[in-house]
Every structure is written in C-alpha cells, then in structure tokens.
Amino acid sequence: MFGVKRSLAFICLLTFASVSSAFAQDVSISGLRFGQNGDTTRFVLDLSSGVKPRIFLLSNPSRVVVDLPEVKWAVQSEAKALGAVAGYRHGLFSADTYRIVLDLKREAVVTKAFPLAARSGYSDRYVIDLKDAESAEFTSAVAASRVERSRSAPPPVPIQTNRTARPDNKRVIVV
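Here is what the cut-offs are and how they apply
- Residues numbered from 1 in each chain as written.
- Predicted model: local features only at pLDDT ≥ 70, side-chain atom pairs only at ≥ 80, totals over all residues.
- Heavy atoms only, no water.
- Phe/Tyr/Trp six-rings, centres within 6.5 Å; stacked < 30°, edge-to-face > 60°.
- Helix = DSSP H or I, 4+ residues; strand = E, 2+ residues; numbered from the N terminus.
- Buried < 20%, exposed > 50% of the residue type's maximum accessible area, 1.4 Å probe, protein only.
- Polar contact = N/O pair within 3.5 Å; in protein donor to acceptor, adjacent residues only side chain to side chain.
- Pairing = 2+ DSSP bridges.

**Student:** Please explain the packing of aromatic side chains as it appears in this structure.
**Tutor:** What describes a pair of aromatic rings is the distance from one ring centre to the other and the angle between the planes of the rings. Throughout the structure, instances matching the rule amount to three aromatic pairs. Judged by centre distance (5.9 Å) and plane angle (20°), the ring pair of Trp73 and Tyr98 falls under stacked. Highlighted residues: Trp73 in strand S5 (residues 72-73) and Tyr98 in strand S7 (residues 97-104), separated in sequence by 25 residues. Taken together through their ring pairs, the aromatic side chains of Phe34, Phe43 and Tyr88 make up a single cluster.

This is the structure we're talking about:
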C-alpha cells in the first residue's frame with residue numbers, strides 16, 4: 001500500500017510540473033527591433049501577450065537589463081542594433097526569469113518604457129526608449145535602478161527540508 005501511495009504522489013508531482021511549465025511558457029517573444037531618432041534609441045519587443053518586465057542599468061560596461069517572467073524565445077531573425085546599443089544577448093537567467101541584456105556603445109538612460117496592446121495587425125509590444133546621457137546622469141540612473149531593482153526583486157523562496165531521522169538510521173535519497 002505504501003508503494004502505491006508513493007507512486008501516486010510521484011505521478012501527481014510530474015503532472016503538476018508539466019502543467020505549470022506549460023503555463024510558464026505561454027508568452028513568447030516573436031520579434032525585436034531597434035530604431036533611432038536623433039539621440040534616442042528605441043528597442044521594441046513583439047510579444048504573444050502582455051508582460052511587465054523589470055528594467056535596470058548596470059555600469060562597467062554600460063548595459064540595460066530587461067528581465068521578463070519566463071518567456072519562450074521565438075525570434076526567427078536577429079535584429080541589427082542601432083544608436084546607443086552595440087549589441088544584445090538573451091537567455092534563461094533563472095527558473096522563472098528570461099533576461100535580455102543590451103550592451104551600450106555609450107552611456108544612456110531609459111526615458112520611457114511602456115506596453116502597447118495588440119492592434120492593427122501588430123501583436124502586443126513592449127517599448128523601451130533610451131537617450132544618450134552624460135556620465136553623472138548615467139551614474140545616478142544606475143544607482144536609482146539598483147535601489148528599484150532590490151525593491152522589486154521577489155523575496156527568496158525558503159527551502160523546506162525534512163530532517164526527520166528514519167528509525168532504522170538508513171539514509172533516504174529523494175530525486
């Protein structure tokens with residue numbers, strides 16, 4: 001009877017894991033592009049549905065980081081970086097965070113970041129406008145985003161462990 005309960009619990013766990021990962025991958029990035037207008041660089045993500053990213057700046061080297069809830073990368077062709085952006089990288093940063101890093105040619109700050117709802121043949125989009133900045137302005141923006149990043153970071157999930165010893169003192173390995 002104990003083996004049946006354990007097997008049933010294992011099957012339930014696998015089912016829950018596969019269902020939850022299916023929901024986590026509901027949003028996909030289908031495209032991205034860059035535009036430039038004077039000293040403003042625009043970065044646009046095409047999304048299958050709306051998301052709220054966390055955006056922050058890093059220095060040495062200068063970067064803009066865009067953290068999204070876990071999404072699927074479905075971009076068919078790479079976009080050419082323009083303006084203040086030298087290039088970009090992307091990948092799964094943690095189990096629930098997909099990260100896009102914009103490597104900057106020169107110091108720039110985020111002047112606007114906003115979602116655009118799907119309409120007129122376009123999917124949902126997220127737009128980030130960057131403007132060239134002086135060193136002091138960039139340094140201040142990095143410090144401000146550091147404070148905001150720590151304020152908006154999710155609290156760490158405590159790991160529960162069961163330290164109950166077995167009566168026969170045998171070790172139990174759970175996979």
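Anyway, onward from the coordinates.
**Student:** Any chance you could explain the environment of Arg42 here in plain terms?
**Tutor:** Along the chain, Arg42 falls in strand S2 (residues 40-47). Arg42 gets classed as partly exposed once you look at its relative accessible area, which sits at 35%. Between the C-alpha atom of Arg42 and that of Lys112, which follows or precedes it by 70 residues, the distance is 9.3 Å. At 2.6 Å, the side chain of Arg42 forms a polar contact with the side chain of Asp129.

**Student:** Help me out: how do you make sense of unusual backbone geometry in this one?
**Tutor:** The phi torsion of most residues other than glycine is negative, and most of the peptide bonds are trans. Between Asn60 and Pro61 the backbone carries a cis peptide bond, its omega angle lying at 0°. You can see Pro61 is positioned in the loop between strand S3 (54-58) and strand S4 (63-69). Positive phi, close to 55°, is recorded for Asn60, a residue that is not glycine. The residue Asn60 is located in the loop between S3 and S4 in this model. Residue Asn60 is classed as exposed on the basis of its relative accessible area, which comes to 73%. Residues other than glycine seldom take positive phi values, yet Ser120 does so here, at roughly 50°.

**Student:** Help me out: how do you make sense of the sheet that holds S2 in this one?
**Tutor:** Whenever strands of a sheet pair, they do so through backbone hydrogen bonds, lying parallel or antiparallel. A sheet is described by the order of its strands in space; here five strands give the open sequence S5-S1-S2-S9-S8, paired in mixed fashion. The open sheet has two edge strands, S5 and strand S8 (108-116), and neither has a second partner. Inspection of the sheet shows S2 paired to strand S9 (residues 124-132) by eight bridges, in the antiparallel sense. Within S9, the position partnered with Arg42 by the bridge is Asp129.

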